Amino acid sequence: MSALEPSDTDVAPSPGPLAPRDADTVVDAFDGVDSKGSVLDPAHRALSIGIVSVVLLIAFEATAVGTAMPVAARELNGIPLYAFAFSAYFTTSLFAMVLAGQWSDRGGPLAPLTAGISAFAAGLLLSGTAGAMWLFILGRAVQGLGGGLVIVALYVIVGRAYAEHLRPAIMAAFAASWVVPSVVGPLAAGTITEHLGWRWVFVGIPALVVFPLALALPAIRRTASGPADPTAPLAPWDRRRIRLALGISAGAALLQYAGQELRWLSLAPAAAGAALLVPAVRGLLPHGTYRAARGLPSVVLLRGIAAGAFIAAESFVPLMLVTQRGLSPTLAGLSLAAGGLTWALGSWIQARPWTEPYRERLVVLGMVLVALAIAAAPTVLIPAVPVWVLAVAWSLGCLGMGAVIASTSVLLMKLSAPEEVGANSAALQISDGLSNVLLLAAGGAAFAALGGGAVGHAVTSSAATGSHPGAFAAVFLPMAGVAAVGAWVATRLHAEKAQARA
């Protein structure tokens, strides 16, 4: 999951309660105080509150919409198309990330941020007023375009408007802003859906965007608008990268479709998707990413490994608890409740000034925690192992993820020239989102092949209730191996002296 966690990709970290004593965690996430100021000093206060409020609303939408989605699909007679309501958001956001990177580098992040929030709101309204499932899916696609534009624009704003020593603090604030929505979002969405109807979950959010925009836009215009180098000639649009972005979106959609249909005919869309993805990935990610070259390529690769392995594993945790240990969906979710808080805590730790000299070691430790948490998850398949073992393990995994995700964002900005922050931020988010869909597709295929049933309908289908325990082990153990590889990649984040940038 990303620090913004739409990944990206519209997936939130595990929910966790924010007790009164834990409120200090959220406040301290803003605390970058030293002799050089903080993210809440007069020069940064309006901007910090504004952009964190935007992330807060995105987080609330991500957690609330997932709760209302089943009711919406049933009312619109669209259960067979249910998965596409999620994949539509993902595929269009991948394209928008590349577009936002170029747009931000050419003219600054203000225009793509404004356009992204407008598209995000328009997509919500379109989905909330849809009378047919295809219109609902179209709204989700428009929303994905907006989400992709917003997430990259926010990264560029952080890179331009905050000094290097303040960036860990603002990234920690982004992570902390997911804690409350992770708890309140599903409950609020469920209450609204039950008493007012699912449509209000979608149409009510756009009105809430007005305040953070009014607060942040003047500060963005003052501190981060225009090209990074106003004296340089305006670079032309890179049409090749735009074509590659279309290829990566289409390829990801085809692979996701093939992963849901375990038939021989699925090989055709899978092959077509791979043919589109391979050249697109090579063209859009930094040179040397696939071989973990030191510095920026390894930062981008690690982001994908961490996010993909963790999210692919986490997607099966509630299902395993429901089908194998007999927990209700509510209790299964509550078993992971502390994860949202420990995720924010991990992000807060990496923001402390004393951790900066040890950032690479912190990331390695974070990936080790992630690998151990994923490997420990299937132990609850043994009846004698109490469920709280998984809850504790997953909390430690979320702690590691909080440190890793925020640190990769900080390192990306440190290793990027000002005029490259947009393109490199887009590459980071592409690595995050693409690995999610690839590892989810691989895990889902292994799960179904070993008797797990159809993942998309597993919680309610009769096939799920008879899922073979080995199907879950076939998901968790390979993902733990992927995370272990990530621990090795984390040792290569430090660039060579000739490449390093202050």
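Thresholds, definitions, all that
Residues numbered from 1 in each chain as written. Predicted model: local features only at pLDDT ≥ 70, side-chain atom pairs only at ≥ 80, totals over all residues. Heavy atoms only, no water. Helix = DSSP H or I, 4+ residues; strand = E, 2+ residues; numbered from the N terminus. Buried < 20%, exposed > 50% of the residue type's maximum accessible area, 1.4 Å probe, protein only. Areas by Shrake-Rupley, 256 points an atom, 1.4 Å probe, with all protein chains shown as cover. Expected span 1.5 Å × (residues − 1). Phe/Tyr/Trp six-rings, centres within 6.5 Å; stacked < 30°, edge-to-face > 60°. Lys NZ or Arg CZ within 6 Å of the ring centre and 35° of its normal. Bend = angle between axes of the 7 residues up to and from the residue. Polar contact = N/O pair within 3.5 Å; in protein donor to acceptor, adjacent residues only side chain to side chain. pLDDT = per-residue confidence, 0-100. Contact = heavy atoms within 4.5 Å. Axes fitted to C-alpha atoms, helices over the stretch in contact; angles between N-to-C directions. Parallel < 35°, antiparallel > 145°, perpendicular 65-115°, else oblique. Left-handed = near helix turned anticlockwise from the far one by under 90°. Nonpolar A, V, L, I, M, F, W, Y, C, P; charged D, E, K, R; others polar. Salt bridge = Lys/Arg side-chain N within 4 Å of Asp/Glu carboxyl O. Core = buried A, V, L, I, M, F, W, Y, C linked by side-chain atoms within 4.5 Å. Patch = residues over 30% accessible without salt bridge, like charges linked within 9 Å, V, L, I, M, F, W, Y side chains within 5 Å.

Peer 1: Whenever I open this one, the overall build of the protein chain confuses me. Can you help?
Peer 2: Secondary structure assignment for the protein chain yields 20 helices and zero strands. Counting the 502 residues in the protein chain, one finds 57% classified as buried. Only carbon and sulfur atoms are counted for the fraction: they give 69% of the accessible area of the protein chain, which is about 19700 Å².

Peer 1: For this particular structure, what's the right way to read helix α12 (residues 296-314)?
Peer 2: Note that an α-helix has 3.6 residues per turn; residues three or four places apart therefore point the same way. The terminal C-alpha atoms of α12, which comprises 19 residues, lie 27 Å apart, in line with the 27 Å expected from a rise of 1.5 Å per residue. Where burial is concerned, most of α12 is hidden: 19 out of the 19 residues are buried.

Peer 1: What's the story with the packing of aromatic side chains in this structure? I'm lost.
Peer 2: Each aromatic ring pair is specified by the distance between its two centres and by the angle formed by the two planes. The tally for this structure, following the rule as stated, stands at seven aromatic pairs. With 5.9 Å between their ring centres and 70° between their planes, Phe136 and Trp198 make a pair best called edge-to-face. A residue pair is termed long-range when its members are at least 10 positions apart, and Phe136 in helix α5 (residues 133-161) and Trp198 in the loop between α7 (179-195) and α8 (199-203) qualify at 62 residues. For the pair Phe136 and Trp198, a shared accessibility class is recorded, and that class is buried. Residues Phe310 and Trp394 carry aromatic rings whose centres are separated by 5.1 Å and whose planes lie at 25° to one another, so their mutual orientation is stacked. Linking Phe310 in helix α12 with Trp394 in helix α17 (residues 387-414), this pair joins segments that are 84 residues apart in sequence. Here the aromatic residues Phe136, Trp198 and Phe202 are joined through ring pairs into a cluster of three or more. Between the NZ or CZ atom of Arg282 and the centre of the ring of Tyr290, over which it lies, the distance is 5.3 Å.

Peer 1: Is there a simple way to explain helix α9 (residues 210-223) in this structure?
Peer 2: In this model, α9 (14 residues) spans 20 Å end to end at C-alpha, consistent with the 20 Å of a helix rising 1.5 Å per residue. Of all bends in α9, the biggest is about 30°, found at Ala216, and the proline Pro218 comes one to four residues later. Taken together, the buried positions of α9 are occupied by Pro212, Leu213, Ala216, Leu217, Ala219 and Ile220.

Peer 1: For this particular structure, what's the right way to read the side chain of Ser249?
Peer 2: Along the chain, Ser249 turns up in helix α10 (residues 239-260). Here the side chain of Ser249 touches Thr91 through a polar contact of 2.7 Å, landing on its backbone oxygen.

Peer 1: What exactly am I supposed to notice about the confidence of the model for the protein chain here?
Peer 2: When pLDDT drops low, the exact placement of atoms in the prediction is not to be read closely. Here the protein chain shows a mean pLDDT of 79. Residues at 70 or above account for 81%. Below pLDDT 50 for its whole length, residues 454-465 participates in 14 contacts with residues either more than four positions away or in separate chains. Low pLDDT (under 50) marks residues 497-502, which in the prediction has eight contacts with non-local residues, meaning those over four places away or in another chain.

Peer 1: What should I look at first to understand unusual backbone geometry in this one?
Peer 2: Glycine aside, residues mostly have negative phi, and peptide bonds are mostly found in the trans state. Phi angles above zero are rare outside glycine, and Ala292 is one such case at about 55°. By the secondary structure assignment, Ala292 is in the loop between α11 (267-284) and α12.

Peer 1: I'm lost on the packing of α5 against helix α6 (residues 167-176) in this one. Help?
Peer 2: In helix packing, the relevant descriptors are the interaxial angle and the interaxial distance, both defined with respect to the helix axes. Packing of α5 against α6 brings their axes to within 10 Å, and their N-to-C directions diverge by 150°. The angle between α5 and α6 places the two elements in the roughly antiparallel class. Here the hand of the crossing between α5 and α6 comes out right-handed. Within the contact between the two elements, α5 uses Tyr155, Val158 and Gly159 and α6 uses Arg167, Ile170, Met171 and Phe174. Partitioning the contact of α5 with α6 into residue classes produces five nonpolar, one polar and one charged.

Peer 1: It is not clear to me how the pattern of salt bridges should be interpreted in this structure. Could you clarify?
Peer 2: Inspection of every chain in the model, using the stated rule, returns four salt bridges. Between Arg359 and Glu356 there is a salt bridge whose closest N-O contact spans 2.7 Å. Given a relative accessible area of 3%, Arg359 falls into the buried group. One salt bridge connects Lys414 with Glu356, and the closest N-O pair in it is separated by 4.0 Å.

Peer 1: Just checking my understanding: could you explain the environment of Pro297 for this structure?
Peer 2: With respect to the secondary-structure elements, Pro297 resides in helix α12. On the accessibility criterion, Pro297 (10% relative accessible area) is buried. Pro297 sits 131 residues away from Leu428 along the chain, and the two C-alpha atoms are 9.5 Å apart. If we ignore the near neighbours within four places in the chain, the residues touching Pro297 are Pro286, His287, Gly288 and Thr289.

Peer 1: Teacher, can you tell me more about the nonpolar core here?
Peer 2: Nonpolar side chains in soluble globular proteins tend to be buried together. Counting residues in hydrophobic clusters, the biggest one holds 120 residues, and the most contacted among them are Ile51, Ile170, Ile374 and Trp394. By size, the runner-up hydrophobic cluster in this structure holds 22 residues, among which are Ala68, Met69, Phe136 and Val201.

Peer 1: Before we go on, may I ask you to explain the packing of helix α4 (residues 110-128) against α9 in this structure?
Peer 2: The contact between α4 and α9 brings their axes to 10 Å, and the two run at 160°. By the criterion of interaxial angle, the relationship of α4 to α9 is roughly antiparallel. Considering the relative orientation of α4 and α9, their crossing is left-handed. Residues Leu110, Leu113, Thr114 and Ile117 of α4 form the contact with α9, whose participating residues are Leu213, Leu217, Ile220 and Arg221. For the contact of α4 with α9, the class distribution of residues is six nonpolar, one polar and one charged.

Peer 1: What is the right way to read a nonpolar patch on the surface from this model?
Peer 2: Side chains of Leu40, Ile49 and Phe211 sit close together on the surface and give an oily, nonpolar patch of about 260 Å² of accessible area. By the secondary structure assignment, Phe211 is in helix α9.

Peer 1: Looking at this structure, how should I read the environment of Ala292?
Peer 2: You can call Ala292 buried: its relative accessible area is 2%. Dropping the residues within four chain positions of it, Ala292 is found in contact with Ser298, Leu301, Trp488, Val489 and Arg492.

Peer 1: Looking at this structure, how should I read the environment of Ile242?
Peer 2: One can find Ile242 in helix α10. Placed 140 residues apart in sequence, Ile242 and Gln102 show a C-alpha to C-alpha distance of 9.2 Å. Those residues in contact with Ile242, other than ones at most four positions away along the chain, are Phe95, Leu99 and Gln102.

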